[in-house]
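# An overview of the molecular structure
Here are the chains, one letter per residue:
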Amino acid sequence: MKIQQRIALLFALLTISIVLAVSLAEYYFANQNAFEDFYKRLEIRAIVAARTRFDKEKITSASFEELRRFHLETLPNEKEYFLSTENLEADIAANKLQLPVEFYRTAIQRGSVQHRENNVFYLGYMYRHSGGNQLVIVSAQNEFIESYLNTLKRNILLSIIITAMASFMIGLWFSKLI
């Protein structure tokens, strides 16, 4: 291998490694941000669902239902579960929930908890009211993130390939000037 080709290859590898490092960081932070955003959306739904169901005397149910219809779009496969903490095991069985026991324990202790199984996201929210404590669980599929992350992966891969070709060509051109 000629010295010119070595210089071009070294330049290309250096450039690719920098682009790869930046791309991986971008992918990681985009992934984290998308998950946090989706969990926040689930939390808002859990709070609204709990207030709609348990605070009927304070605020009319109709106003919360209107809020849900006009301001909160329904998420794919969105489901709500209302579990009484006094009858938790029976409510879990009745709703056919198969979440880890730690999920329920953490929700009760901390007030909220997040869980993910494949592409289904769960948020447990402990709602305390005069009628007792209720564990509100909202689950939904995050179809947006799949599409978003696949597009991001494709764009990153394409940019790395283009960078590899361009940096090798530029490195070869510069090495001929030496």
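In case you missed it, the structure is sitting above this.
Here the structure is a predicted model, which means the values were calculated and not measured. (Residues numbered from 1 in each chain as written. Predicted model: local features only at pLDDT ≥ 70, side-chain atom pairs only at ≥ 80, totals over all residues. Heavy atoms only, no water.)

## Things to note about the pattern of salt bridges
Keep this limit in mind: The term salt bridge refers to a side-chain nitrogen of Lys or Arg lying within 4 Å of a carboxyl oxygen of Asp or Glu. Put simply, DSSP H or I for four residues or longer makes a helix, DSSP E for two residues or longer makes a strand, and each gets a number counted from the N terminus. Type-normalised accessible area, obtained with a 1.4 Å probe on protein chains alone, sets the label of each residue: buried when under 20%, exposed when over 50%, and partly exposed for intermediate values.
One pass over the structure, following the stated rule, counts 3 salt bridges. Two residues, Arg45 and Glu78, come together in a salt bridge whose shortest N-O distance is 3.4 Å. Pair noted here: Arg45 is in helix 1 (residues 3–54) and Glu78 is in the loop between helix 2 (61–71) and strand 1 (79–84), with a separation of 33 residues, a long-range link. Judged by relative accessible area, Glu78 falls into the partly exposed class, the value being 23%. Note that Glu102 and Arg105 form a salt bridge whose closest N and O atoms lie 3.0 Å from each other. Remark: Arg105 and Glu102 occur in helix 4 (residues 101–110); sequence separation between them is 3 residues, near one turn of the helix. Judged by its relative accessible area of 45%, Glu102 is partly exposed.

## Let's talk about helix 3 (residues 88–95)
Worth spelling out the cut-off: Our arc is simply the arc of the directions from the helix axis toward the C-beta atoms. Residue contacts are counted whenever heavy atoms from the two residues lie within 4.5 Å of one another.
Listing the buried residues of helix 3 in full gives Leu88, Asp91 and Ile92. An end-on view of helix 3 places all buried positions within 100 degrees of arc, on one side of the element. Summarising the geometry of helix 3, the exposed residues directed more than 90 degrees from the buried face are Glu89, Ala93 and Ala94. Where the residues of helix 3 are buried, they touch strand 1, helix 4 and strand 4 (132–141). Within two residues after helix 3, Lys96 carries a phi angle of roughly 55 degrees, on the positive side.

## Thoughts on helix 5 (residues 143–177)
Our working rule: An expected span of 1.5 Å times one less than the residue number is assigned to each helix. N or O atoms within 3.5 Å of each other form a polar contact, as long as, within protein, one can give a hydrogen and the other can take it, and as long as residues adjacent in sequence are counted only when both atoms are side-chain atoms.
Given a rise of 1.5 Å per residue, 35 residues ought to cover 51 Å, and the 51 Å separating the end C-alpha atoms of helix 5 matches this to within 8%. Every buried residue of helix 5 is accounted for by Ile145, Leu149, Leu152, Ile156, Ile160, Thr163, Ser167, Gly171 and Ser175. Structurally, helix 5 contributes buried residues whose contacts are with helix 1. By the N-cap criterion, in which a side-chain oxygen at the helix start approaches the backbone nitrogen of a residue two or three places on, helix 5 is capped by Asn142, the distance to Phe144 being 3.5 Å.

## Structural notes on the environment of Gly171
Summarising the element assignment, Gly171 is placed in helix 5. Excluding anything up to four places from it in sequence, Gly171 contacts Ala8 and Phe11.

## Observations concerning the sheet that holds strand 1
The pairing of strands in a sheet happens through backbone hydrogen bonds and is either parallel or antiparallel. Put simply, the test is: When DSSP finds two or more bridges between a pair of strands, those strands are recorded as paired. Throughout, an axis means a line fitted to C-alpha atoms (over the contacting stretch in the case of helices), and angles, computed between N-to-C directions, take values from 0 to 180 degrees.
One open sheet accounts for 4 strands, arranged 1-4-3-2; its pairing is antiparallel. Every interior strand has two partners, whereas the edge strands, strand 1 and strand 2 (112–117), have only one. Averaged over neighbouring strand pairs, the angle between their axes works out to 20 degrees when direction is ignored. By the bridge criterion, 6 bridges tie strand 2 to strand 3 (residues 120–129) in an arrangement that is antiparallel. Paired with Gln114 across the strands is Leu123, a residue of strand 3. Against the sheet, helix 1 makes contact with strand 1, strand 2, strand 3 and strand 4, and its axis sits at roughly 40 degrees relative to strand 3, the strand it touches most. Most of the contacts of helix 4 go to strand 2, to which it runs at about 155 degrees, and overall it touches strand 1, strand 2, strand 3 and strand 4.

Shape descriptors only; they carry no functional weight alone.
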